[in-house]
Amino acid sequence: MTILKLRYIFLLLSAVCVTSLHGEIARDEFRADFRVNTAVIDTTFADNAASVEKIIAFIESLNHSPGTRITDVSFRGSASPEGSYEINSRLSHERMTALESLIRNRVDIPDSIITHDESYIAWDYLRDRVENSTLPYRDEVIAIIDEQPRLVTGNPGTLIDNRILKLKHLDGQNVWNDLLRTYFPEMRNAIAVIITYTPAEPLQAGDGYVPGADLSDVTPSGIIDVAPAPDVTGRVPKLYLKTNFAEWALAIVNIAVEADIARHWSFSLPIAWSSWDYFSCRLKFRTLNIQPEMRYWFRGDNNGVFIGAHFGLGSYNVATNGDYRIQDHDGTTPAIGGGLSIGYRLPVSRDGRWRMEFSVGAGIYRLHYDKFFNTRPTSSGLLDYSVHKTYRGIDGVSVSIIRTFDLKKRGGAR
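Remember, it's a predicted structure, so these values are computed and weren't measured experimentally.

Enquirer: Tell me about the pairing of strand β12 (residues 293-297), and please be specific about residues and values.
Expert: Residues Glu293, Arg295 and Trp297 line the buried face of β12, whereas the alternating positions Met294 and Tyr296 sit on a face that is not buried. Where strand β9 (residues 265-274) and β12 come together, 4 bridges link them in antiparallel fashion. Within β12, the position partnered with Trp265 by the bridge is Tyr296. Pairing of β12 with strand β13 (residues 304-320) involves 5 bridges; the strand directions are antiparallel. Within β13, the residue paired with Trp297 across the bridge is Phe306. Linkage of β12 to β13, two consecutive antiparallel strands, is achieved through a turn of 6 residues, within which Asn302 is found at a positive phi near 55°.

Enquirer: Could you give an account of unusual backbone geometry, naming the residues involved and the relevant values?
Expert: The backbone of Asn37 shows a phi angle near 65°, a positive value even though the residue is not glycine. Structurally, Asn37 can be placed in the loop between β1 (23-33) and α2 (48-63). We classify Asn37 as partly exposed; its relative accessible area is 49%. For Asp330, which is not a glycine, the phi torsion comes out positive at approximately 60°. Relative to the helices and strands, Asp330 is located in the loop between β14 (324-328) and β15 (335-347).

Enquirer: Please give an account of the packing of aromatic side chains that cites residues and values.
Expert: Two measures describe an aromatic ring pair: the distance that separates the ring centres and the angle between the ring planes. Here the structure, examined in full by the defined rule, presents 7 aromatic pairs. Both rings, one in Trp273 and one in Trp276, keep their centres 5.3 Å apart while their planes meet at 85°; by these two values the pair is edge-to-face. Residue Trp276 is classed as partly exposed on the basis of its relative accessible area of 33%. Grouping aromatic residues by their ring pairs yields a cluster made of Trp265, Tyr296 and Phe298. The ring centre of Trp123 lies 4.2 Å from the NZ or CZ of Arg163, which sits over that ring.

Parameters and conventions
- Residues numbered from 1 in each chain as written.
- Predicted model: local features only at pLDDT ≥ 70, side-chain atom pairs only at ≥ 80, totals over all residues.
- Heavy atoms only, no water.
- Buried < 20%, exposed > 50% of the residue type's maximum accessible area, 1.4 Å probe, protein only.
- Helix = DSSP H or I, 4+ residues; strand = E, 2+ residues; numbered from the N terminus.
- Pairing = 2+ DSSP bridges.
- Phe/Tyr/Trp six-rings, centres within 6.5 Å; stacked < 30°, edge-to-face > 60°.
- Lys NZ or Arg CZ within 6 Å of the ring centre and 35° of its normal.

Written as structure tokens, this is what we have:
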């Protein structure tokens, strides 16, 4: 029995004792369905449009019902069992927070009355549906669902619930295909259960306690304030410390710091420096550059694919063992410009603390540099001429190792 079910039973038992003395307790449930492998509430899918309208109508009814208070809000996200443990956990969490954000952007709800169910797969729902069906091998399916969950290795680098593997092998995957067609689509959802309390008479000082109620956040009129809520993600923002192997291959010392600033958004600040020759004064890539970048992540946990927009500023002194060496004009005219990038980040350790990142960027830069004869034995040579030029092309390649750190959790008292 899940935490949510226990909470509902407690509230119903409380209602029996409280309603006759103090008023009415009501339960409203909102549900959003999701397409396979997505966590975006699409109003053109299933009954999501009607569910959104139901949420709006519910909020409007609160505004026209003086004395009505929200006393308990429970959110749950769910995924169907096809994927790995990591994918299903991420999907259920992101679906839950998507619905929570939708509701809390329309009504101000105290943190103290909110609970979350991180079960990630609604096995209880699946068991109930199978138990009341004529599914072949029904008893065997129920027995597998009732087993103690255990994570085992699936595809390389992934973990999967052992019950999923057993269901897939039952009757040559025929039973699994029946479950996939009949029940799994309804398991890709997020649900919010909102408990409201309406007193029989306006509460006065000394009135009885309502289970779960937090009356300090209710306006004097008893009407819930509708106002934009802060970003509700349920996740801890990260700080990332990175170094780029591609630059180390050129003996360029480098480090980058990146921080999550919101769901889907982060800010990165890389710095690179080199001041030496490659075994000869005629071969070098000396530089000092910074390239701050704002990134947009397609996943809400700021992992996977991203696109970025960056500004670039860099001094340079480059010789490739040819006839010429180039250096920013007078050593005081760095390249200035900016561009766009695309990349991908993924965890490489079980706890997610270590990650890898791959990216490539292109931009436009205004250059003003001097061109010197690249002669021995001096590393300077004679000035030949100066060049004004606009560069268009690749301005960054990254193959980075990352160490992540948790930042302070958002939320708290409001």
